[in-house]
Structure formats: C-alpha cells, structure tokens
Amino acid sequence: MEDVIIVDRVQKHGEIVPKEIRDAVSARYHRITRAVNSEFWNSTSDTLHSLYVGSYGRGTAIDTSDVDMLVILPQNVYEQHDSLKGNGQSRLLQAVKGAIQSAYPRSDIRADGQVVVIDFADGIKFEVVPAFEREYVYPYYKKEFIYPDTNNGGNWKSTNPKSEQDAMNEKNGTSNGLLKDTCRHIRRIHNEKFSSYNLSGILIDSFVYHAIQGWEWTPPGGEGSSPGTYEGVLYDYFNNHRWSTLYAPGSGMIVDTDDYTCLEKILKYMAGK
C-alpha cells in the first residue's frame, strides 16, 4: 500500500486574527499612541503620529503575531538625541519607554536594540519603534522614516513601510486575496510545525510577493488548478531563486535571507514533497 501524501494547501480567508485579539490590539495601540503624544507632542490624540507596521501593517498577521508600530516624534527630538555624545539612540528608546510606562506601569516593558518591547500578560507582544519622517524630492519624491539602532555605539536606520504596504495591497487585490492568505498560511505552519526555527515576517511576505507571480484565487464560476499545484509552484520558485537577492515589495530594500532554511522546510511541507 502506497503512503498517502497530504498537501497542506492555502485556505481562502484562512488564519484571520480573531475579533477579541483584534480588539485588544486596537485598544492598546491607541493607548500607546496617546501616551507618546502626551509626552512628545503635548497632545491627547490617540490616532495621530502612529502607524501599524510589520505583519499588522501589511495585513499578513495571524493570532500569534507580534504587533509592530511606529510612533512618529517631532524633529527637535531627533536633533536633541543625535547631538548627544555617546549613544543618543539608547537614550531616545529609554525616553519612549518611560512614556509608555505611564500608560502601562505594571507591564513588562524594555528597550531592545531598535524597539521598545511590551510583553502583556495575555501573550500579546508590542514592538514600538520611535521614528522621524523624512521627505526627499531629488532625484524623485520619496517619504521614509529614520529610527534609532542602539547597537555598535548607536546609529540611525531608515525604513519605508508605507510603500511596502501599498505594494502588498495592490498585488493582493490582483490575486483576489491569494497573496495575504498565503503569507498567513506560512506563518501558521511555522508556528505549528517549525517554531524552533527563526523566520521573519518580512522574509515571508517578500518571498510570496515575488513567487506568486500571476496566480490568483479563481473567480466564481472559473476553473481552478488541481489541488497542490500552486503550493508546488511556490516550492519550485524557491529552489530556482534561492541564491538571488530578495527585495521587499514597494520599498525595494534588501531582505535578509538567513531564515531561508526554515522557509524551505515549510514550502516543502506545503507541497507534500
């Protein structure tokens, strides 16, 4: 008797974050925003100067995903910390940490490299990135954010999350939702089958963005492919491009592929190889 190979296929609208988690995340996001605005902007707004980034910003989060958010600070705060001798970036993280502690005095809050981490008792983790807006008009218009990195004595790095989110949303539309469903499915398998391996969210989303090519969920009344065909295409694409440079959607930033070992295992599992 031959072994039966079960292909773990992508599900339409699968792995959606449950409402109770979405509600908790939203309430905390707004409370953190208000605390930072109060400290740095003299404002009680719980909506201004903040932005979901990471998997929540790109719409690829599942119920176990960390919540990444940018809090945008005034330019004079950048100038103050950039001019400090020593690690001004570390002092900036500590200042943001202090602001957040005023809202969550009993939570586990720490500064860690580039972010302020908040571990809540229910298992939800926030990573808050203080950032400053930058606009460029030459050689073409571009808006990005710079953020502190406390490693190696301190420096500033840049990120362009809005362009990544816009690119993901556009391709998700043309694929009838297949792009984000695939990204969430890979996250779920990582958690359930390969959690001992590291795998970053931007690596997952960037890989699927390119590997999906022209695939889409079949429109109502259309004729779909045979089961497992799509998953096999993803695995073949990985094998054909594993040594190529991987770029983030929209921003074009180079993505670290150190976690490719884990991604390969997941794609192989999905394809039933």
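Residues numbered from 1 in each chain as written. Predicted model: local features only at pLDDT ≥ 70, side-chain atom pairs only at ≥ 80, totals over all residues. Heavy atoms only, no water.

*Asks:* Would you explain the packing of aromatic side chains in this entry?
*Replies:* For any pair of aromatic rings, the description consists of the separation of the ring centres together with the inter-plane angle of the planes. Under the criterion given, the structure shown has 12 aromatic pairs. Here Phe-238 and Tyr-260 contribute two aromatic rings whose centre-to-centre distance is 4.9 Å and whose plane-to-plane angle is 75°, an arrangement assigned as edge-to-face. Of this pair, Phe-238 sits in helix α8 (residues 229-241) while Tyr-260 is found in helix α9 (residues 260-271), placing the two residues 22 residues apart along the sequence. Residue classification places Phe-238 among the buried positions, given a relative accessible area of 0%. Residue classification places Tyr-260 among the buried residues on the basis of a relative accessible area of 7%. An aromatic cluster of three or more residues is present, and its members are Phe-207, Tyr-237, Phe-238 and Tyr-260. Here Arg-28 stacks its cationic end above the ring of Phe-120, 4.2 Å away from the centre of that ring. (Phe/Tyr/Trp six-rings, centres within 6.5 Å; stacked < 30°, edge-to-face > 60°. Helix = DSSP H or I, 4+ residues; strand = E, 2+ residues; numbered from the N terminus. Buried < 20%, exposed > 50% of the residue type's maximum accessible area, 1.4 Å probe, protein only. Lys NZ or Arg CZ within 6 Å of the ring centre and 35° of its normal.)

*Asks:* Even after reading the chapter, I still don't get the pairing of strand β2 (residues 67-72), so can you show me in this structure?
*Replies:* Remember that side chains alternate between the two faces of the sheet whenever the strand is regular. With six of six residues buried, β2 is to be regarded as a mostly interior element. Burial along β2 is two-sided: the residues Val-67, Met-69 and Val-71 and Asp-68, Leu-70 and Ile-72 are all buried. With four bridges joining them, strand β1 (residues 50-53) and β2 adopt antiparallel strand pairing. In the strand pairing of β2, Tyr-52 is matched with Met-69. Across six bridges, β2 lies against strand β5 (residues 125-136) in parallel orientation. Directly across from Met-69, in β5, lies its bridge partner Val-128. (Pairing = 2+ DSSP bridges.)

*Asks:* Before we go on, may I ask you to explain the side chain of Ser-50 in this structure?
*Replies:* One can find Ser-50 in strand β1. Judged by its relative accessible area of 12%, Ser-50 is buried. When residues no more than four places from it in sequence are discounted, the contact partners of Ser-50 are Tyr-29, Thr-33, Met-69, Leu-70, Val-71 and Ile-72. (Contact = heavy atoms within 4.5 Å.)

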